[in-house]
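A closer look at the structure
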Amino acid sequence: MTISPELSVLLHENRQFDPPADLAANANAQPEIYERAAADRLGFWSEQAEFLTWDRHWDEVLEWEAPHSKWFVGGTLNASVNCVDRHVDAGNGGRVAFHWVGEPEGDTRATTYAQLKDQVCQAANALTDLGVKKGDRVAIYMPMIPETVVAMLACARLGAPHMVVFAGYSSEALSTRIIDCGAQVVITADGSWRKGVINELKPAVDVAMDSCPDVRHVLVVKRTGQEVDWRTGRDVWWHDTVEKASTDHTPEMFDSEHPLYIMYTSGTTGTPKGVLHTTGGYLTHVSSTSRLIFDMKPETDVFWTAADIGWVTGHSYIVYGPLANGVTSVMYEGAPDAGGKDRWWKIIEHYGVTILYTAPTTIRTFMKWGEEYPKMHDLSSLRIIGSVGEPINPEAWIWYHSNIGGNTAAVVDTWWQTENGGILITPLPGITATKPGAAMKPFPGISAEVFGNDGKPVGRGEGGFLVVTEPWPGMLRTVWGDDERYQRTYWSKFPGVYLSGDGAKKDDDGDFWVLGRLDDVMNISGHRISTTEVEHAIVSDLKVAEAAVVGASDPITGTAIVAFVTIKASVDTEGEAGVRLVAELRDTVAERIGKLARPRQILLTPELPKTRSGKIMRRLLRDVAEHRELGDVTTLADSTVVDMIAELMADAPAEAEDTTNGSAASGVADSTTAEEAGGHA
Ligand code: WT7
């Protein structure tokens, strides 16, 4: 693997930040944890699992028949009991589980653990009335409101795996996921508030339902209150059913390996993969990482993962990790600049947030807005600030540390993926001296390595494939409905070793630097989108002959989508017609995938650069997109093509960012701008 000039600058970063002394003294994770876990990996995970409440203890920690694992074999538990009931039983029912902050100012709601328990029981009873049984999949397409958490936990309580689709995805993305996992019940809301306007969700679900004949019921939360279309018999209101149901519900205990949820994520080929997570191992992983990386102290901490529940970050660190620990969290509905560019800082000051978890793209947006906004508020309650979703550049790290963390909070740059369930590589806040830009060390009990093509660890300072060499409890168990794809995607390059798809290197101290994706997956504001997915959407327009999509570096979103498109000869692309066509193609992508996948730039070109064997040279297109000098062109069939494209690119007007909200069916988030995307926010 070659390392670009920008990266080699990054890799010469040599500043270090010691763990804050007071944090270190009282941290849940003390230095001997690494040795203990290294000496007895399964013993370490077993100790972590003991923090949960099991109905039946496991017989065996791990059963590993590569690449299939079973964790805490023979154990039984219920995830919702672990997140809710047991805290109430322990006398902590009065503690706030969520301080929910709606986007309109003053629209707030606090939910205690006791209230959450009642609501989860009511929802479990209502879902049972709608025919949901153990093993049934339930689709959730919801905004950031407390009912979303209630819905997920109610599914978990019934042993009905939830399949949450980010509400910024299009109706088409929703229906393909519903069909793939065979969900027959959908939970949604009429809409949510985003930048002061209502983003309707129900219309998108209605459109999706046209292609989902197997869906029996759509359960709808009233959040924004506008008129919605209604299909009697199929559609039911949350307030007519859930809120009228009994608050008594006796939970069933499930096998440790019972499916907890499915979450779709982009891979290198067109269709998204349904990543399957199960119960005992996943809960062990997310609760222990919450306790040890975020140092959660339920009596005193106020935790805020500023992400959307529609991503895995939200599943693991808004819902399951914090709740399993019984901590108080903040949950925010809207855009980071709704009501002012200091909205987040106002929330942190008001609730005394002690731990914040967000994405580099959001941090860079705040940097752009300026430090006067965080300065308007007292952020001294913050003691740990986390980052996730993409490599964090040292400037953003330093800015975050000083302007948000007051130079005293510990920064944790956490590397992981949807497939991993929870954090795998990270500093521990009371132990690790951090380096800006480095994810540092595998979490205790995690065996990560950097491999060369030969399947052996590379030397210090060399780039290679980031892999995990031993199973871990939060790992995906399979790809829903396609175990062959699971085996091929993650376990075939190095048999028995998990291939992450990322590149990394270890520095002279053995600390990890994650360098980003090695495959055709782009990371747009921390969202995974594959180049093929976008190409498929573009070529679905009948005017298009061919499309090649590349990720180009972008100062705010990390990577931005640039598409090179050839149009059929019969179609007029001159002047206004060309401009309209480009706009149309961007809309097509938004409709087929979601606004977050809308290309920053689409360049119409008469031809694409190809090798003699007809393969599109994306590497050269990336050079063009980044206005770089072209790399090696000797393998091209016709090297004048790429020069012509480079010229077109140089003349092309920089495309204005489109921040309109577009059609209702495309949902809440417009992730073509980082202000909106806020990474996972
Ligand atoms: C991809 C996974 C699971 C969290 C949200 C993203 C990139 C994630 C880091 C980090 C460098 C990171 C990787 C990874 N990534 N965290 N701290 N440093 N890169 O989940 O959508 O499954 O994306 O995000 O490229 O493969 P995801």
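Structure's up top.
Described in the following lines is the structure provided in the data block. (Residues numbered from 1 in each chain as written. Predicted model: local features only at pLDDT ≥ 70, side-chain atom pairs only at ≥ 80, totals over all residues. Heavy atoms only, no water.)

Focus: the pairing of strand β2 (residues 68-73)
Here is the rule we go by: Any two strands between which DSSP finds at least two bridges are classified as paired. The helix and strand labels rest on DSSP assignments: H or I over at least four residues marks a helix, E over at least two residues marks a strand, and numbering proceeds from the N terminus.
Taken together, the five bridges between strand β1 (residues 60-65) and β2 define a ladder with antiparallel strand orientation. Each residue of the ladder has a partner; that of Glu 60, found in β2, is Val 73. Between the end of β1 and the start of β2, which pair antiparallel, lie two residues.

Section: the pairing of strand β20 (residues 410-413)
Inclusion rule: Working definition: with a 1.4 Å probe on protein chains only, accessible area under 20% of the residue-type maximum means buried, over 50% means exposed, and in between means partly exposed. Looking down the strands as they point away from the viewer, one classifies a crossover as right-handed if the path from the first strand across the helix to the second runs clockwise.
Residues Ala 410 and Val 412 of β20 are buried on one face, and the alternating residues Val 411 and Asp 413, pointing to the opposite face, are buried as well. Where strand β19 (residues 384-387) lies against β20, four bridges are found, and the strand directions are parallel. Each bridged residue has a counterpart across the sheet, and for Ile 384 the counterpart in β20 is Ala 410. You can see the chain leave β19, run along helix α16 (residues 394-404) and come back into β20, and the turn it takes is right-handed.

Things to note about the site of the ligand
Cut-off, in case you're wondering: We call a residue near a molecule or strand whenever a single non-hydrogen atom of that residue lies within 4 Å of it. Polar contacts, as used here, are pairs of N or O atoms within 3.5 Å; protein pairs need one atom able to donate a hydrogen and one able to accept it. Residues neighboring in sequence count only if both atoms are side-chain atoms. For every accessible area listed, the method is Shrake-Rupley and the probe measures 1.4 Å; residues are considered covered only by the protein chains on display. Amino acid classes used here: Ala, Val, Leu, Ile, Met, Phe, Trp, Tyr, Cys and Pro are nonpolar; Asp, Glu, Lys and Arg are charged; the rest, including Gly, are polar.
Contacts to the ligand come from 18 residues, most closely from Asp 413, Thr 414, Thr 418, Asp 502 and Arg 517. Within the side chain of Arg 517, an N or O atom sits 2.8 Å from an oxygen atom of the ligand. Within the complex, the protein chains bury 98% of what would otherwise be the 560 Å² of accessible surface of the ligand. Among the elements of the structure, α12 (312-325) and β27 (512-517) are those that each provide at least two residues to the shell around the ligand. The residue inventory of the shell around the ligand, partitioned by class, reads six nonpolar, seven polar and five charged.

Some thoughts on the pattern of salt bridges
Side chains that differ in sign of charge can pair as their charged atoms come close. To keep it simple, the criterion reads: We define a salt bridge as a contact between a side-chain nitrogen of Lys or Arg and a carboxyl oxygen of Asp or Glu at a distance within 4 Å.
A full pass over the atoms with the stated rule returns 39 salt bridges. As a salt-bridge pair, Arg 41 and Glu 470 come within 3.4 Å of each other at their nearest N and O atoms. Highlighted residues: Arg 41 in helix α4 (residues 41-49) and Glu 470 in the loop between β24 (463-468) and β25 (478-479), separated in sequence by 429 residues. Residue Lys 435 pairs with Asp 511 through a salt bridge whose shortest N-O separation is 2.7 Å. Placement of the pair is Lys 435 in the loop between β21 (425-426) and β22 (441-442) and Asp 511 in the loop between β26 (498-506) and β27, with a sequence separation of 76 residues. In this structure, a network of salt bridges that share partners links the residues Lys 435, Lys 441, Asp 507, Asp 509 and Asp 511.

Thoughts on the packing of aromatic side chains
For any two aromatic rings, the description comes down to two numbers: the centre-to-centre distance and the angle of the planes. Formally: Each aromatic pair joins two rings of Phe, Tyr and Trp (for Trp, the six-membered one) with centres within 6.5 Å, and gets the label stacked for planes under 30 degrees apart, edge-to-face for over 60, and tilted for any other angle. Charges are assigned to positions over rings by a cutoff of 6 Å between ring centre and Lys NZ or Arg CZ, combined with an angular limit of 35 degrees from the ring normal.
In the structure shown here, the tally under the stated rule is 34 aromatic pairs. Measuring from centroid to centroid gives 5.4 Å for Tyr 490 and Tyr 498, while their planes differ by 15°, and the two rings are stacked. What links up through ring pairs into an aromatic cluster is the set Trp 64, Trp 472, Tyr 486, Tyr 490, Trp 491 and Tyr 498. The ring of Trp 100 carries the charged tip of Arg 109 above its face, separated from the ring centre by 5.4 Å. Over the ring of Trp 237 we find Lys 222; its NZ or CZ atom is 5.0 Å from the centre of that ring.

A few points about the packing of helix α6 (residues 113-129) against helix α7 (residues 146-158)
In a pair of packed helices, the angle between the axes and the distance between the axes together describe the arrangement. Stated precisely, the cut-off is as follows: The axes are straight lines fitted to the C-alpha atoms, using for helices just the contacting stretch, and the angles between their N-to-C directions are given from 0 to 180°. Rotating anticlockwise by less than a right angle from the far helix to the near helix defines a left-handed crossing, while the corresponding clockwise rotation defines a right-handed one. The contact criterion used throughout is that any non-hydrogen atoms of two residues lie within 4.5 Å.
The interhelical angle for the contact between α6 and α7, taken along N-to-C directions, is 65°, at an axis separation of 8 Å. As for the relative orientation of α6 and α7, their crossing is right-handed in sense. On the side of α6, the interface is formed by Leu 116, Gln 119, Val 120, Cys 121, Ala 123, Ala 124, Leu 127 and Thr 128, while α7 contributes Val 150, Leu 153, Ala 154, Cys 155, Arg 157 and Leu 158. Residues belonging to the contact of α6 with α7 are distributed by class as follows: eleven nonpolar, two polar and one charged.

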